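What follows is the residue order along each chain.
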Amino acid sequence: MLQSNNPNTKRFLEVAMNDLKQSKIKIKIYKKSIRGIDILDGIDGYFDDDAREIGSYKDHRWLETFVHEYAHF
């Protein structure tokens, strides 16, 4: 899943993952750019309240993308 060696980032991820889990939001991590949902092709992440999921492409900017999408939540 999402991991970091930075203690502050580790703590943020623990809090965020727990928060999403408690709210029954599914976390999807993509190894390639996000495909399969027409309006999402070519983006780095999304938060979908209706589908109850957050998605992030795990590239070199994965943390920035995850924080951005988590903020939508």
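Just so you know, these numbers come straight off a predicted model, no measurement behind them.

Trainee: Now, about the overall build of the chain: what can you tell me, with residues and values included?
Mentor: Within the chain, the secondary structure is distributed over two helices and three strands. Listing every helix and strand of the chain by position from the N terminus yields α-β-β-β-α. The contacts of the chain with a sequence gap of at least 6 include a subset with a gap of at least 24, amounting to 52%. Working note: accessible area of the chain is about 5200 Å², and carbon and sulfur atoms make up 48% of it.

Trainee: For the side chain of Glu53, give the residues involved together with the corresponding values.
Mentor: Within the secondary structure layout, Glu53 lies in strand S3 (residues 53-57). Within the buried core, Glu53 has no salt-bridge partner, and the shortest N-O distance to an opposite charge, that of Lys28, equals 4.1 Å. Side-chain polar atoms of Glu53 contact the side chain of Tyr46, separated by 2.7 Å. Ignoring anything within four residues of it in the chain, the contact list for Glu53 reads Ile25, Lys26, Lys28, Tyr46, Phe47 and Asp48.

Trainee: Lay out the packing of aromatic side chains with the relevant residues and their values.
Mentor: Per the counting criterion, the structure on display carries six aromatic pairs. Where Phe47 meets Phe73, the ring centres are 5.8 Å apart and the plane angle is 70 degrees; that geometry is what we call edge-to-face. On the criterion of sequence distance, the pair formed by Phe47 in strand S2 (residues 45-48) and Phe73 in the segment after helix H2 (62-72) is long-range, its members being 26 residues apart. The class of Phe47 is buried, set by a relative accessible area of 19%. For Phe73, a relative accessible area of 33% translates into the label partly exposed. Ring geometry for Phe66 against Tyr70: centres 6.2 Å apart, planes inclined by 15 degrees, an arrangement best described as stacked. Pair noted here: Phe66 and Tyr70 are both in helix H2, with a separation of four residues, about one helical turn. An aromatic cluster is defined as three or more aromatic residues linked by ring pairs; in this entry it consists of Phe12, Phe47, Phe66, Tyr70 and Phe73. Note that Lys58 overlies the ring of Trp62, its terminal NZ or CZ placed 5.5 Å from the centroid.

Conventions we followed
Residues numbered from 1 in each chain as written. Predicted model: local features only at pLDDT ≥ 70, side-chain atom pairs only at ≥ 80, totals over all residues. Heavy atoms only, no water. Helix = DSSP H or I, 4+ residues; strand = E, 2+ residues; numbered from the N terminus. Contact = heavy atoms within 4.5 Å. Areas by Shrake-Rupley, 256 points an atom, 1.4 Å probe, with all protein chains shown as cover. Buried < 20%, exposed > 50% of the residue type's maximum accessible area, 1.4 Å probe, protein only. Lys, Arg positive; Asp, Glu negative; His and termini not counted. Salt bridge = Lys/Arg side-chain N within 4 Å of Asp/Glu carboxyl O. Polar contact = N/O pair within 3.5 Å; in protein donor to acceptor, adjacent residues only side chain to side chain. Phe/Tyr/Trp six-rings, centres within 6.5 Å; stacked < 30°, edge-to-face > 60°. Lys NZ or Arg CZ within 6 Å of the ring centre and 35° of its normal.

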